[in-house]
Amino acid sequence: MKVKLLSALNDNNVDAAQTSSQRQLAMTISAIAGEFDQNLPLNLCLILDKSGSMHGKPITTVIQAVEGLIDKLRPGDRISIVAFAGSAEVIIPNQIIEDPESLKSQIKKKLSASGGTIIAQGLELGITELMKGTRGAVSQAFLLTDGQGESSLRIWKWDIGPDDNKRCLELVLKAAKLNLTINTLGFGNSWNQDLLEKIADIGGGTLAYIERPEQALEQFSRLFGRIQSVGLTNAYLLLSLVPNVRLAEFKPIAQVSPDTIELPVESEDGSFAVRLGDLMQDVERVVLANIYLGQLPEGKQVIGHLQIRYDDPLINQQGLLSPIVPVYADVVKAYQPTSNPEVKQSILALAKYRQTQLAEAKLQQGDRTGAATMLQTAAKTALQIGDKGAATVLQTSATRLQAGEQLSEADLKKTRIASKTVLQE
């Protein structure tokens, strides 16, 4: 398995007379299978909410979706299942798939809905189960909940009792360091979209929305298809810049495809490291860096170098390095812009996400007019990149605000998902 790494600037020409120029650097990364490469074994943990609000059709459809995943697992794949409500328990310990029908029977017997919602305990048990089968496998979890999680009780300036949401974020940070990927699925309309988005973003996974119970199978299958296509794991983008070239100070790097995520940047030996997590085969990961170039000599100039550090579970090797890819800019005296249309699409995808974030912030501040205006702007941006599905969702929310209506929980969640993904795919 090899790494494919390409780069492009939004405008490759730079004015030699300018003391400072801003550019967007798009980096495209994917795993490329060789002729004899095999699919990697999966180490999948399902962390499932069985609180009282999941009673009836919700828990029934989740069980059906889980059975569908079990049918798709191949010999050599591993599965574990954790259920949580007021407390958490392992209902299927980490094991190689040998008797799918026995697993289905255990799930039906043990997965019944009752109690509260303490997500962190389920997440902690799920991480523990995943760690039992990481060797030579793609290790990912699906965390499904329809609830908010328990918050600590605040009396004056003291927090009394555990804060479930804070504990979840602490756990997912540890999971990322252990090369585990956490995907989140929000079920219904009462789940905490800020929490589940943060868990998925930090955990290198995807946020999915199951608005109605009958959509559970579709969303489980979509995420499962992604993890089946993983070819390399624990990938980091390594970026070094030459003197007189620097990263922007605020939100310098973001992923824009297949989902939009703000990516944290770590300093490492004079360069920058950005965790990418698992790399899918032939599915491009597009990352956008906001850089500033100082005045440079005329001619074709190297402004930075790119490399991917990754693990290849198939051959049990860690810390492999792709070939170094130089990044060039043409510094010219007679400047004429040379816009790259593909990079422009990536810039607009990120703009759609950030415009929607601004709209949500204005709505929380009580500025409904400002929120509606930003949502309209985001809808127009979505149309520019051909994302008609997102444009419809964003414009509908804007129109409701302009009409004096409140956005429902479903509206808010659809808006968040529309900001992060291309809905027409």
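Before reading on, note that the structure itself is shown above.
Rules used in this analysis
Residues numbered from 1 in each chain as written. Predicted model: local features only at pLDDT ≥ 70, side-chain atom pairs only at ≥ 80, totals over all residues. Heavy atoms only, no water. Core = buried A, V, L, I, M, F, W, Y, C linked by side-chain atoms within 4.5 Å. Buried < 20%, exposed > 50% of the residue type's maximum accessible area, 1.4 Å probe, protein only. Helix = DSSP H or I, 4+ residues; strand = E, 2+ residues; numbered from the N terminus. Contact = heavy atoms within 4.5 Å. Axes fitted to C-alpha atoms, helices over the stretch in contact; angles between N-to-C directions. Parallel < 35°, antiparallel > 145°, perpendicular 65-115°, else oblique. Left-handed = near helix turned anticlockwise from the far one by under 90°. Nonpolar A, V, L, I, M, F, W, Y, C, P; charged D, E, K, R; others polar. Pairing = 2+ DSSP bridges. Polar contact = N/O pair within 3.5 Å; in protein donor to acceptor, adjacent residues only side chain to side chain.

Draft legend 1. Looking closely at the nonpolar core. Counting residues in each nonpolar core, the largest one holds 38 residues, and the members touching the most others are L46, L48, V66, I81, F142, L144 and F220. Tallying contributions element by element places helix α1 (residues 57-72) first for this core, with 7 residues. For V66, the contacting residues outside a window of four places in its chain are L46, L48, I81, I107 and F220. Residues L239, L263, V274 and I303 belong to the second largest nonpolar core, which totals 35 residues.

Draft legend 2. Structural context of the environment of K166. Here K166 is to be found in helix α4 (residues 164-177). Among the residues examined, K166 registers a relative accessible area of 55% and is labelled exposed. Taking the C-alpha atoms as reference, K166 lies 19 Å from G205; in sequence the two are 39 residues apart.

Draft legend 3. View of the packing of α1 against helix α6 (residues 216-228). α6 packs onto α1 with a crossing angle of 30° between their chain directions and a minimal axis gap of 9 Å. Between α1 and α6, the angle is such that the two are roughly parallel. Regarding α1 and α6, the two cross each other, and that crossing is right-handed. Contacts from T61, Q64, A65, V66, L69 and K72 in α1 reach A216, L217, F220, S221, F224 and Q228 in α6. Tallied by class, the residues present in the contact of α1 with α6 amount to 7 nonpolar, 4 polar and 1 charged.

Draft legend 4. Representation of the sheet that holds strand β10 (residues 181-187) within the structure. If you trace the 6 strands from one edge of the open sheet to the other, you get β6-β5-β4-β7-β10-β11, paired in mixed fashion. The open sheet terminates on both sides in strands that have one partner only, identified here as β6 (88-96) and β11 (204-210). Direction aside, the axes of adjacent strands within the sheet are offset by 10° on average. Examined bridge by bridge, strand β7 (residues 138-145) and β10 share 6 bridges and lie parallel to one another.

Draft legend 5. Examining the side chain of D11 more closely. Assignment of secondary structure puts D11 in the loop between β1 (2-9) and β2 (13-15). Taking the relative accessible area as the measure of exposure, D11 reaches 6% and is therefore buried. Of the polar contacts made by the side chain of D11, one reaches the backbone nitrogen of N13; its length is 3.0 Å. Within polar-contact distance, the side chain of D11 engages the backbone nitrogen of T338 at 3.0 Å. Apart from the residues lying within four places of it in its own chain, the contact partners of D11 are R23, Y335, P337 and T338.

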